[in-house]
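Coordinates in review
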Amino acid sequence: MLLGSVEAGGTKFVCAVGNEDYRIQDTTQFPTTTPEETLQKTIDYFKQFPDLKAISVASFGPIEIRHNSPKYGYITDTPKPGWSNVDFVGTLKQAFDLPIYWTTDVNGSAYGEYVLSTLFNQKINSLVYYTIGTGVGAGAVIDGKFVGEVGHTEMGHIRLKRHTADLDFKGICPFHGDCLEGLVAGPTFEARTGKKGKDVPLTDPVWDIMAYYVAQAALDTTLMFRPAKIIFGGGVVSEAFLKKVRAQFKDLLNDYVEVGDLDQYIVMPLAKHNGSATVGNFALALKTYLN
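The structure reproduced in this document is the subject of the present report. (Residues numbered from 1 in each chain as written. Predicted model: local features only at pLDDT ≥ 70, side-chain atom pairs only at ≥ 80, totals over all residues. Heavy atoms only, no water.)

Points about the state of the cysteines
Selection criterion: Disulfide assignment relies on a single distance test, namely cysteine sulfur atoms paired within 2.5 Å.
Scanning the entire structure with this criterion turns up 0 disulfides. Between Cys179, a cysteine without a disulfide, and Cys173, which holds the nearest cysteine sulfur, the sulfur-to-sulfur distance is 3.7 Å.

Pasting the structure below:
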C-alpha cells in the first residue's frame, strides 16, 4: 500500500511516498515559492504514483481544521507572503480522488513521535512536540488524539517572563513581539547578535537566555498537560542546548510535581533529521484511508 506525505514548510516542501510500515519508498523536496507553483509541483510528484491510497498534509499555518467551516483545508492569515487564504486541500482534491488528511506541521511531527514511541516500545499515551526553527510551534497528542477542537494549538505564541539580561530585546513576532516564537525562533539570533544561530557558540550567554525561555515553555506544558514526555525538534535544538533547558527547567519546577528522569522527559525527537512529520503523515494517511 502506498501512502503520501506532504510536509509543507514555509521554506520548503518535503513530499514522500511510503508504506503502511511508515517506511519511505521515494521522496523529493523543493522550495516554497508561490502557492500555484508549489502546489503544482506537489501534484506533479504524486501523479507519478497511480496506486496511491491516501495523502496526509502537515502544513505551516495558521490553517483551518474545522470540517464544518467553509474554509476547511485553507491556510488562513499566515505571515508567509502570498499564502494567506490558500485552498490547499481543495487544490489537491481537484487533482486526486483520494482521502486527504489535513493538519499542522507540528501536529504531524507530534503524531510521528507518538507512533515511533510505540514502535520503540515506549509505553506512553501522551506527548507534546515543539519545533524551534524559523518559527516556533507545538502539537499535543493524548491517547492518539490531537488537542484542539475549534482550532489547532498555538503554543509557539505563549507569553513568558523576560530574562533580566534580555529586557531590551523587543522580540521578532509580528503579532506579539516577545512571545515564545518572538524570543527563541532561529532569526532571533541574528536580531540579537548579528550572527546566524549556527555561528553563535554554545558558550555565548544568548543560549542561556534562550534556554530560560524554552524551559518556561516546558514548565507551562508540564503543568497544563502533564504529558509523558516533551520533545524539542527543529534547527535551533541540539542535545547540548537541551542540557541547558533541563537545568533551567529543574530550577523553575522546584520539585513541585513529579516528572521522572529529566533526560527521558525533555528529549530530542526519535526521528532523525527532523523527519517526524513524514512518519506522522504516513500514519495519518493510513488512518484516514482505513476510516
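Digging into the pattern of salt bridges
The following threshold applies: A pairing counts as a salt bridge when a side-chain nitrogen of Lys or Arg comes within 4 Å of a carboxyl oxygen of Asp or Glu. Every helix listed is a DSSP run of H or I at least four residues long, and every strand listed is a run of E at least two residues long, numbered separately from the N terminus. For every residue, the accessible area (1.4 Å probe, protein chains only) is compared with the maximum for its type, and the residue is labelled buried under 20%, exposed over 50%, or partly exposed between those bounds.
Overall, the coordinates contain 10 salt bridges when judged by the stated rule. A salt bridge links Asp263 to Arg246; its shortest N-O distance comes to 3.6 Å. A residue pair is termed long-range when its members are at least 10 positions apart, and Asp263 in helix α8 (residues 262–265) and Arg246 in helix α7 (residues 239–253) qualify at 17 residues. Judged by relative accessible area, which is 47%, Asp263 ranks as partly exposed. In the salt-bridge network here, residues are joined through shared partners; they are Arg159, Arg162, Asp166, Asp178 and Arg192.

Overview of the sheet that holds strand β11 (residues 230–233)
For the record, the criterion: Pairing between strands is defined by DSSP: at least two bridges between the two strands are required. In this description, contact between two residues means that some pair of their heavy atoms is separated by no more than 4.5 Å. To get an axis, fit a line to the C-alpha atoms, keeping to the stretch in contact for a helix; angles then go from 0 to 180 degrees between the N-to-C directions.
Pairing is mixed in the open sheet, where 5 strands are placed in the order β10-β9-β8-β11-β12. Where the open sheet ends on each side, the last strands, each with one partner, are β10 (145–146) and β12 (266–267). In the packing of helix α3 (residues 105–119) onto the sheet, the strands contacted are β8 (126–132), β9 (136–142), β10 and β11, and the crossing angle to β8 comes to about 135°.

Concerning α3
In plain terms, the rule: Expected span, for any helix, means 1.5 Å times one less than how many residues it has.
The terminal C-alpha atoms of α3 lie 21 Å apart, and with 15 residues this matches the ideal 21 Å at 1.5 Å per residue to within 8%. With respect to burial, α3 is a largely interior element, 12 of its 15 residues being buried. Within the span of α3, buried status applies to Val106, Asn107, Gly108, Ser109, Ala110, Tyr111, Gly112, Glu113, Tyr114, Val115, Leu116 and Ser117. Immediately downstream of α3, the backbone of Asn121 shows phi near 60°, a positive value.

Section: a nonpolar patch on the surface
For clarity, the cut-off: For patch detection, residues must exceed 30% relative accessible area and be free of salt bridges, and they are connected within 9 Å for like charges or within 5 Å for nonpolar side chains (Val, Leu, Ile, Met, Phe, Trp, Tyr). With residues, only the protein chains shown are counted as cover, and all accessible areas are computed by Shrake-Rupley using a 1.4 Å probe.
Together, Met1, Tyr289 and Leu290 make up an exposed nonpolar region whose accessible area comes to about 300 Å². With respect to the element layout, Tyr289 can be found in helix α9 (residues 276–290).

Re the pairing of β8
A large share of β8 lies buried, amounting to 6 of its 7 residues. The antiparallel hairpin formed by β8 and β9 contains 3 residues in its connecting segment. Of the strand pairs in this sheet, β8 and β11 are connected by 4 bridges, and their pairing is parallel. Bridging from a neighbouring strand, Tyr130 pairs with Phe232 of β11.

What about the nonpolar core?
Short version of the rule: Nonpolar core, defined: a set of buried Ala, Val, Leu, Ile, Met, Phe, Trp, Tyr and Cys residues in which side-chain atoms within 4.5 Å join the residues together.
Among the nonpolar cores identified, the biggest contains 41 residues, and Tyr130, Val184, Phe232 and Phe249 are the most heavily contacted of them. Elements represented by at least two residues in this core include exactly β8, β9, α4 (180–184), α6 (205–225), β11, α7 and α8. In terms of residue count, the dominant contributor to this core is α6 (12 residues). Beyond its immediate sequence surroundings of up to four residues, Val184 is in contact with Ile132, Val136, Met210, Tyr213, Val214 and Val236. Counting 28 residues, the second largest nonpolar core, distinct from the first, contains Phe13, Phe30, Tyr45 and Trp83.

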